[in-house]
Amino acid sequence: MKNRTFAVALSAVLSTACIANAQADKLDDIIGSGKLRCAVTLDFPPMGFRDEANKPAGFDVDYCNDLAKILGVDAEVVETPFPDRIPALISGRADVIVASTSDTLERAKTVGLTVPYFAFQMVVLTRDNTGINSFDDLKGKALGNTSGTYEAIALEKDVKSWGSGSFRAYQSQNDTLLAVAQGHIDATVVTNTVAAATLKSGKYKNLKVAGNAPYVIDYVSLGAKRNEYGLLRYLDLFVNQQVRTGRYKELFTKWVGTEIAPTDLTVPQVYY
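A brief report on the enclosed structure follows. Everything numeric here is computed off the predicted structure, so don't read it as measured data. (Residues numbered from 1 in each chain as written. Predicted model: local features only at pLDDT ≥ 70, side-chain atom pairs only at ≥ 80, totals over all residues. Heavy atoms only, no water.)

### Things to note about the overall build of the protein
For the protein, the helix and strand inventory stands at nine helices and twelve strands. Each principal axis of the C-alpha atoms in the protein carries an extent, and together these give about 90 × 40 × 35 Å. Counting every position in the protein, which comprises 272 residues, the buried fraction comes to 42%. Of all intrachain contacts in the protein linking residues separated by at least 6 positions in sequence, the fraction that spans at least 24 positions is 72%. In the form shown here, the protein has an accessible surface area of approximately 14,400 Å², with 54% of it arising from carbon and sulfur atoms. (Helix = DSSP H or I, 4+ residues; strand = E, 2+ residues; numbered from the N terminus. Buried < 20%, exposed > 50% of the residue type's maximum accessible area, 1.4 Å probe, protein only. Contact = heavy atoms within 4.5 Å. Areas by Shrake-Rupley, 256 points an atom, 1.4 Å probe, with all protein chains shown as cover.)

Shown next, in the form of structure tokens:
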């Protein structure tokens, strides 16, 4: 009799725990609240920035809005500088991260990351009159980049290996862009998004993109709390749907432009 009583009590406890776990699903919480809070960085155009009316805009903002629309809720952009993306999620100030977050293994120890939703390709940026039309044309040219960046280190290493041309480091990205525009250097290497934002700004009308640079592609993911498996699986499917419906390409064209083709989000010979 005691065993039966214990079994009934244990069953009731387990049932209650299962119900509590089901109710604690973050995806259900978001839908139930009627609001999706996205951590977005707004000082990284064209991915995230404030427009002339001081409203959030950019690829990541549109991506957040798309997700909210699919869920049937309102989108709320939670402005977060790059260092604050994960703290905003962990502290509960945001539900998901939509902020060009590189999918590093170190970062994945703290936060759950989806399949890539965007990829930053390095491209050559030069003037119209340099005769540079591809990365191979950089050999023997005067080149430069922003000191300490990945692309600066890679480009300087290439210049040394070529044994010709020159390399100059600059303190900021604006200094680098100005150096190309004014002819102090012939070309530089930047992300395709930086190139797009630069060309769209209209500040440097003599600049152009001259093909891709053969450097590592920076794949970025959406983020959610690591234990929110239901939400993370839903986000993976959402990214998949964005690509196969053509929405990814549409947003890429809107914010990055047509001069550069959308970067493939898959890694060759790897299922991700």
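### Remarks on the state of the cysteines
Applying the stated criterion to the full structure yields one disulfide. At a sulfur-sulfur separation of 2.2 Å, the disulfide partner of Cys38 is Cys64. Judged by the sign of its S-S torsion, about 85°, the bond between Cys38 and Cys64 is right-handed. Placement of Cys38 in strand β1 (residues 35-40) and of Cys64 in helix α3 (residues 59-71) is noted, with a sequence separation of 26 residues between them. Per residue, the accessibility class of Cys38 equals that of Cys64, and both read buried. (Disulfide = S-S within 2.5 Å.)

### Some words on the sheet that holds strand β4 (residues 74-79)
One open sheet accounts for five strands, arranged β4-β1-β5-β12-β6; its pairing is mixed. The outermost strands of the open sheet, each flanked by one partner alone, are β4 and β6 (111-120). For this sheet, the mean inter-axis angle between neighbouring strands, taken without regard to orientation, is 25°. Of the pairings in the sheet, the one linking strand β5 (residues 96-102) to strand β12 (residues 218-225) comprises three bridges and is antiparallel in character. Bridge pairing links Ile97 to Gly223 in β12. Strand contacts of helix α8 (residues 229-244): β5, β6 and β12, with the helix running at about 15° to β6, the strand carrying the most contacts. (Pairing = 2+ DSSP bridges. Axes fitted to C-alpha atoms, helices over the stretch in contact; angles between N-to-C directions.)

### Focus: unusual backbone geometry
A cis geometry characterises the amide bond from Pro45 onward to Pro46, with omega recorded as 5°. For Pro46, the position within the fold is in the loop between β1 and β2 (49-50). With phi around 70°, Gln269 is a residue other than glycine that occupies positive phi space. By secondary structure assignment, the location of Gln269 is in the segment after α9 (247-255).

### Thoughts on the packing of helix α7 (residues 192-201) against α9
α9 packs onto α7 with a crossing angle of 45° between their chain directions and a minimal axis gap of 9 Å. The pairing of α7 with α9 is recorded here as oblique in orientation. From α7, Asn192, Ala196 and Lys200 reach across to α9, where they touch Phe252, Thr253, Lys254 and Trp255. In terms of residue class, the contact of α7 with α9 is made up of three nonpolar, two polar and two charged. (Parallel < 35°, antiparallel > 145°, perpendicular 65-115°, else oblique. Nonpolar A, V, L, I, M, F, W, Y, C, P; charged D, E, K, R; others polar.)

### Considering the pairing of strand β8 (residues 142-146)
Among the five residues in β8, four count as buried, and that is most of the element. In terms of strand pairing, β8 meets strand β9 (residues 166-170) through five bridges, oriented parallel. If you follow Thr146 over to β9, its bridge partner there is Tyr170. Chirality of the crossover, the property in question, places the unit of β8, helix α5 (residues 150-162) and β9 among those that are right-handed. (Right-handed = clockwise from strand over helix to strand, strands pointing away.)

### Focus: α3
Given a rise of 1.5 Å per residue, 13 residues ought to cover 18 Å, and the 19 Å separating the end C-alpha atoms of α3 matches this to within 8%. The buried fraction of α3 is high, at ten of 13 residues. Those residues of α3 that sit buried are Phe59, Asp60, Val61, Asp62, Tyr63, Cys64, Asp66, Leu67, Ala68 and Leu71. Count one or two residues on from α3 and you reach Gly72, which has phi positive near 75°. (Expected span 1.5 Å × (residues − 1).)

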